[in-house]
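Residue strings, one per chain:
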There are 2 protein chains.
Amino acid sequence: MPGNETRGARLRVVIAPGIGIGPGKAALLEGIRETGSIAAAGRRIGMSYKRAWLLVNALNGHFPEPVIEASKGGKDGGGARLTPTGEELLSAYRDMQARTDAAVAPILDRLDRLRKARRRSRKP
Amino acid sequence: MPGNETRGARLRVVIAPGIGIGPGKAALLEGIRETGSIAAAGRRIGMSYKRAWLLVNALNGHFPEPVIEASKGGKDGGGARLTPTGEELLSAYRDMQARTDAAVAPILDRLDRLRKARRRSRKP
């Protein structure tokens, strides 16, 4: 686990067997929405263009409407945008992440206290 | 993502930078509690003995009291048990997982309906 992770919950949800979304896909969708490009969105999160494309294709295959619409060509691999289905998926994930953060916060506090607790004396 | 995953949330929490617990460590702790053996707990979840030991050592190093106490030797790698700190960590994780499941359930339902929705007609 990289040391630069910040405290909190990381959520992955399985919508149906083989169909899921976690922090990586959510960040990719968010990046596509903000940059209008699969390549640029992938670069922002250190993901290869090939892997970003594979994730986009997998997502698109799992919903009756595409999640991302991409136009081919151009030096940056063409433009891309979230469809209404993609917007709904991303917004649902962000909503679930926020609910999870709120639900686990008090327990994370307790675990952090456990971690910082003074070592008990070994003497009787 | 393997196709045998069931619907629901998979939670990983970062307690502090570099210190986290997710489904794998939780299953390992649960296995140790139930089998009394790090090797047997690892086998149950398809984890090598070496990796199981590394995870146990990492966990033990992150809390002032050990999370798992192991006795060396024996053909099965010695016995192991959760300490009170380990019990608290596992119980806190299970509690967070349950709260997360409850928090995300209605949204997962919505996403599953989105996935099953009839493809909209392309005609005007």
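Everything below is about the structure printed above this text.
The structure contained in this document is the topic of the report that follows.

Quick notes on the rules
Residues numbered from 1 in each chain as written. Chains lettered and ligands numbered in written order. Predicted model: local features only at pLDDT ≥ 70, side-chain atom pairs only at ≥ 80, totals over all residues. Heavy atoms only, no water. Helix = DSSP H or I, 4+ residues; strand = E, 2+ residues; numbered from the N terminus. Contact = heavy atoms within 4.5 Å. Areas by Shrake-Rupley, 256 points an atom, 1.4 Å probe, with all protein chains shown as cover. Expected span 1.5 Å × (residues − 1). Buried < 20%, exposed > 50% of the residue type's maximum accessible area, 1.4 Å probe, protein only. Arc of directions from axis to C-beta. Least-squares fit on C-alpha atoms with pLDDT ≥ 70 in both. Buried area = accessible area lost by both parts, 1.4 Å probe. Salt bridge = Lys/Arg side-chain N within 4 Å of Asp/Glu carboxyl O. Polar contact = N/O pair within 3.5 Å; in protein donor to acceptor, adjacent residues only side chain to side chain. Nonpolar A, V, L, I, M, F, W, Y, C, P; charged D, E, K, R; others polar. Pairing = 2+ DSSP bridges. Axes fitted to C-alpha atoms, helices over the stretch in contact; angles between N-to-C directions. Parallel < 35°, antiparallel > 145°, perpendicular 65-115°, else oblique.

1. Remarks on the overall build of chain A
No. 1: Along the backbone of chain A there are 4 helices and 4 strands.
No. 2: Reading the helices (α) and strands (β) of chain A from amino to carboxyl end gives β-β-α-α-α-β-β-α.
No. 3: Intrachain contacts of chain A at a sequence separation of at least 6 include 49% that bridge at least 24 residues.
No. 4: Here chain A displays about 6,500 Å² of accessible surface, and carbon together with sulfur accounts for 53% of that area.

2. Some details on helix α3 (residues 49-62) of chain B
All names here are of chain B.
No. 1: With 14 residues, α3 extends 20 Å from end C-alpha to end C-alpha; this agrees with the ideal 20 Å at 1.5 Å per step.
No. 2: Of the positions making up α3, those classed as buried are Ala52, Leu55, Val56 and Leu59. Taken down its axis, α3 places every buried residue within 100° of arc, on the same side. Exposed and facing more than 90 degrees away from the buried side of α3 are Lys50, Leu54 and Gly61.

3. Points about the relation of the copies chain B and chain A
No. 1: Between the two copies, chain B and chain A, the superposition gives an RMSD of 0.0 Å; the rotation angle is 180° and the shift along the axis is 0.0 Å. Put plainly, the chains are arranged around a two-fold axis.
No. 2: Of all interface residues in chain B, 100% are interface residues in chain A too; the two copies therefore contact each other through one and the same surface.

4. A few points about helix α1 (residues 23-35) of chain B
Residues and elements named next belong to chain B.
No. 1: If you check α1, its first and last C-alpha atoms are 18 Å apart, about what 13 residues at 1.5 Å a residue would give, namely 18 Å.
No. 2: Those residues of α1 not exposed but buried are Lys25, Ala26, Leu28, Leu29, Gly31 and Ile32.
No. 3: Buried residues along α1 sit in contact with β2 (19-21), α2 (38-44), α3, β3 (68-70), β4 (80-82) and α4 (84-116).
No. 4: Gly36 sits one or two positions beyond α1 and adopts a positive phi of about 70°.

5. Looking at the interface of chain B and chain A
No. 1: Taken together, the 47 residues of chain B in the interface contact 47 residues of chain A.
No. 2: Buried area between chain B and chain A, summed over both chains or domains, comes out near 4,600 Å², and the portion from carbon and sulfur atoms is 61%.
No. 3: Across the contact surface, chain B and chain A share 0 salt bridges.
No. 4: The interface formed by chain B and chain A contains 6 residue pairs in polar contact (both at pLDDT 80 or more).
No. 5: Looking at the side of chain B that touches chain A, the elements with two or more residues in it are β1 (8-16), β2 and α4 of chain B.
No. 6: With 18 residues, the single largest contributor to the side of chain B that touches chain A is α4 of chain B.
No. 7: Of the residues belonging to the side of chain B that touches chain A, the class tally is 24 nonpolar, 8 polar and 15 charged.
No. 8: For strand β1 (residues 8-16) of chain A and β1 of chain B, the ladder comprises 7 bridges, and the chain directions are antiparallel. Directly across from Arg12 of chain A, in β1 of chain B, lies its bridge partner Arg10 of chain B.

6. Remarks on the packing of helix α1 (residues 23-35) of chain A against helix α3 (residues 49-62) of chain A
Residue and element names in this part refer to chain A.
No. 1: Packing of α1 against α3 brings their axes to within 11 Å, and their N-to-C directions diverge by 95°. Classified by the interaxial angle, the pair formed by α1 and α3 is roughly perpendicular. Together, Lys25, Leu28, Leu29 and Ile32 of α1 and Ala52, Leu55, Val56 and Leu59 of α3 make up the contact between the two elements.
No. 2: Of the residues contributing to the contact of α1 with α3, the split by class is 7 nonpolar, no polar and 1 charged.

7. Looking at the pattern of salt bridges
No. 1: What the rule picks out here adds up to 18 salt bridges over all chains.
No. 2: The shortest N-O distance in the salt bridge between Arg7 of chain B and Asp109 of chain B comes to 2.5 Å. You can see Arg7 of chain B sitting in the segment before β1 and its partner Asp109 of chain B sitting in helix α4, a full 102 residues away along the chain.
No. 3: Accessibility expressed as a relative area gives 37% for Arg7 of chain B, which makes it partly exposed.
No. 4: On the basis of relative accessible area, Asp109 of chain B is assigned to the partly exposed category, the value being 36%.
No. 5: Linking Asp112 of chain B and Arg115 of chain B is a salt bridge whose minimum nitrogen-to-oxygen distance equals 3.0 Å. One end of the pair, Asp112 of chain B, and the other, Arg115 of chain B, are both in helix α4, 3 residues apart, so they sit about a helical turn from each other.
No. 6: Overall, the relative accessible area of 8% leaves Asp112 of chain B in the buried class.
No. 7: Taking relative accessible area as the criterion, Arg115 of chain B reaches 23% and is therefore assigned partly exposed.
No. 8: Through salt bridges with shared partners, a single network forms among Arg7, Asp109, Asp112, Arg115 and Lys116 of chain A.

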